[in-house]
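# Notes for the structure review
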Amino acid sequence: MKLNQLTIQQAIEKLDAGVITSVDLTQACLDRIKEIDDKVKALLTICEDEAIAEAKAADARRAKGEKGGLLGIPYIAKDIIMTKGVRTTAASKILENYIAPFDATIIKKLREAGAVLLGKSNLDEFAHGGSTENSAFGPTHNPWDLEKVPGGSSGGSGAAVAADMCIFALGTDTGGSVRCPAAFCGVVGLKPTYGRSSRFGLMAMTSSTDVPGIIAKTAEDTAIVLQVMAGHDKYDASTPEEPVPNYEAELKKSPLERGVRPGRTGCVKPGEKKKKCDKPLVGLKIGMPVEYYGEGLASGVRAAIDEVKKKFVELGAEIIEISLPHAKYAVPVYYIITPSEISSNLARFDGIKYGFSDKEAKNLLEVYTKSRGKGFGREAKRRIMLGTYALSAGYRDAYYLQAQKVRTKIKNEMDAVLNEVDIILTPTQPTIAYKIGSYTADPLQMYLEDIFVIPASLAGLPAMSLPCGFDQNLPVGMQLIGPRFGEGKIFRFASAFQQATDWHQKKPIL
Amino acid sequence: MSLHKLATCYLLPDMLSKDEVKKVAALARLELTKDELEIMPGQLSNILSYIDQLKEVDTTGVEPTAQVTGLSDVWRADEVEEWNKQEVKAALNQAPEILGHQIKVKKVLEQD
């Protein structure tokens, strides 16, 4: 196995044992980027010299006795996350030459942990989209089939992990932007609970649902990264002072440790030697929303999810049918709340303080209108327009306020279900990756692709997409939605599934 | 798809006229190209008529949700904090025109 193909867990083991160095690992990733990124186009910026310097520093720290965590692990960050001294474009012409003056809190935490930044990945402009086609710098291609989209908006991060250009990547998820590319590219994508990690230094899209997320090769790896990223930040008032659990310990909790009565199948009886549990999920309940399995779900995706169901039953879990009657309103709610917040958040790009400023402007008003008109791409403009309209006098109550009220219903409904079951299981996307250009003329069709991922965003719940099969040689992803701050539960289900299956080990041939 | 409500919205006349689109663009301080002005009324109308289904939800007595953290009134002392000088300089240097320690802009008040 090549070094760039390693998971975080495997790489840390080799680094701690002194078998490899961070420089070896980083160089292997940089070589892979050079080898294939002409075809995939996952990256907007490569930080070659900086990465080697950071890798050397990590090796020096390890030589002094430091171990574990993310020390010396190379990663890629979505180009909407501020990285000090490095170009940060949001894949927009308006920020084409913008150099971030400071680090986002999550980048700072990763830097302190010794992770190595390899570069910045492509996305839909300002994270507006689900295919990475809305990038001002051209689309990213799916490593499984270069004619297909990688999903989005964190499509560059998804493609980079799938093609082993890095060990893991950071994305952001506002309405599925980490989970969708994870599903389309056949990798693991975690959207933590809203507020679990700081948003400081993420360019704001929809402040009430924006979450920094993780794309990696295994569920365990996302747990390792979240351990470093999670926690309260004084620069983000929406991060509660909720203690961060030890996720590794959460992951390994056996049924007995969870309070399942000894003697039941799969449980180790007191006094018995601890052995590998073949029914690690005994005593846990999985809810499957009936509304999610109607017509419109691609048959190949449905077939893959049916197999997942069987596997979870084998692992000891109980499957329960649940109902989320308001989930069908998630897309319309999202496409009011999101554009509304976008129209406000993107007001800061005005040609005055930073970013593109049109030299042809004759007066102050023209500086605004022309810089924004030439700087923003079509989808960003569409969303600014929708939001401005929805918030304008006479329409606010009918659209924005009503959407916020329906959001309450969606949230309450999901919270109530998660009191009855441990986790909700759904497909991540209704289809597999589609051909580049399929929906360019019809934005509404594209919005509808987000139907399964949006509810968890509106409710602020943690959710993960993980590979669970193939349809027409393209990956299928399943989604696990957990209770608020219940990432540990998601890790337990995902890890049990990945120990019993090998979907996550399949690699695209490039 | 059972979760999707489609089809009918394509048959409705545009909810948003070209003039309304121009007005909203002016409010948003956004210059639209000729092409965009042509497509935008239809595309936005399509999306809005899809969104219209929200009206069928009974929300009597339901509080709106603006955020989901469970937090309320997060306070901090109103104190000026020192920021890294280099970062301040790097931030200022991103402006199209600076004069000393300030960003230079066009006249705010026009003379007649």
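Presented here is an overview of the structure given in this document. Here the structure is a predicted model, which is why all the values come from computation and not from measurement. (Residues numbered from 1 in each chain as written. Chains lettered and ligands numbered in written order. Predicted model: local features only at pLDDT ≥ 70, side-chain atom pairs only at ≥ 80, totals over all residues.)

### Comments concerning the overall build of chain B
Put simply, the test is: Per the convention used, a helix needs a DSSP run of H or I reaching at least four residues, while a strand needs a run of E reaching at least two, with both numbered from the N terminus. Residue burial is a threshold on neighbouring C-beta atoms within 10 Å of the residue's own C-beta, all placed from the backbone, with 20 or more meaning buried, 12 or fewer meaning exposed, and counts in between meaning partly exposed.
A tally of regular secondary structure across chain B gives three helices and two strands. For chain B, the succession of helices and strands along the chain, N to C, is α-α-α-β-β. By residue count, 20% of the 112 residues in chain B fall in the buried class.

### With respect to the interface of chain B and chain A
Short version of the rule: With C-beta atoms placed from the backbone, a contact is any residue pair whose C-beta atoms sit within 7 Å. Under the scheme applied here, ten amino acids are nonpolar (Ala, Val, Leu, Ile, Met, Phe, Trp, Tyr, Cys and Pro), four are charged (Asp, Glu, Lys and Arg), and all others, including Gly, are polar.
With 48 residues of chain B in contact, the opposing surface of chain A contributes 61 residues. Looking at the side of chain B that touches chain A element by element, the count peaks at eight residues for helix α2 (residues 34-51) of chain B. Of the residues that constitute the side of chain B that touches chain A, the class distribution is 28 nonpolar, eleven polar and nine charged.

### So, the nonpolar core
Rules: Remark: nonpolar core denotes a set of buried Ala, Val, Leu, Ile, Met, Phe, Trp, Tyr and Cys residues whose joining runs through C-beta atoms within 7 Å.
Of all hydrophobic cores here, the largest spans 178 residues; its most connected members are Tyr75, Cys166 and Phe168 of chain A. At eight residues, helix α10 (residues 330-345) of chain A tops the list of elements feeding residues into this core.

### With respect to the sheet that holds strand β9 (residues 423-427) of chain A
Residue and element names in this part refer to chain A. Convention followed: Two strands are counted as paired when DSSP detects at least two bridges linking them. Throughout, an axis means a line fitted to C-alpha atoms (over the contacting stretch in the case of helices), and angles, computed between N-to-C directions, take values from 0 to 180 degrees.
Pairing is mixed across the open sheet formed by eleven strands, whose spatial order is β1-β3-β2-β4-β6-β5-β10-β11-β9-β7-β8. Where the open sheet ends on each side, the last strands, each with one partner, are β1 (43-46) and β8 (318-322). Pairs of neighbouring strands in the sheet enclose a mean axial angle of 30°, with direction left out of account. Across three bridges, strand β5 (residues 188-191) lies against strand β10 (residues 463-471) in antiparallel orientation. Residue pairing for β10: Gly189 is matched across the bridge by Ser465.

### A few points about unusual backbone geometry
Residues and elements named next belong to chain A. With an omega of 5°, the peptide bond running from Gly152 to Ser153 counts as cis. Within the secondary structure, Ser153 is located in the loop between β3 (116-121) and α5 (155-162). With phi around 55°, Ala90 is a residue other than glycine that occupies positive phi space. For Ala90, the location among the structural elements is in the loop between β2 (74-78) and α4 (105-113). Of note in the backbone geometry, Thr132 takes a positive phi value of approximately 70° without being a glycine. Along the chain, Thr132 turns up in the loop between β3 and α5.

Function cannot be inferred from these measures alone, as they are strictly geometric.
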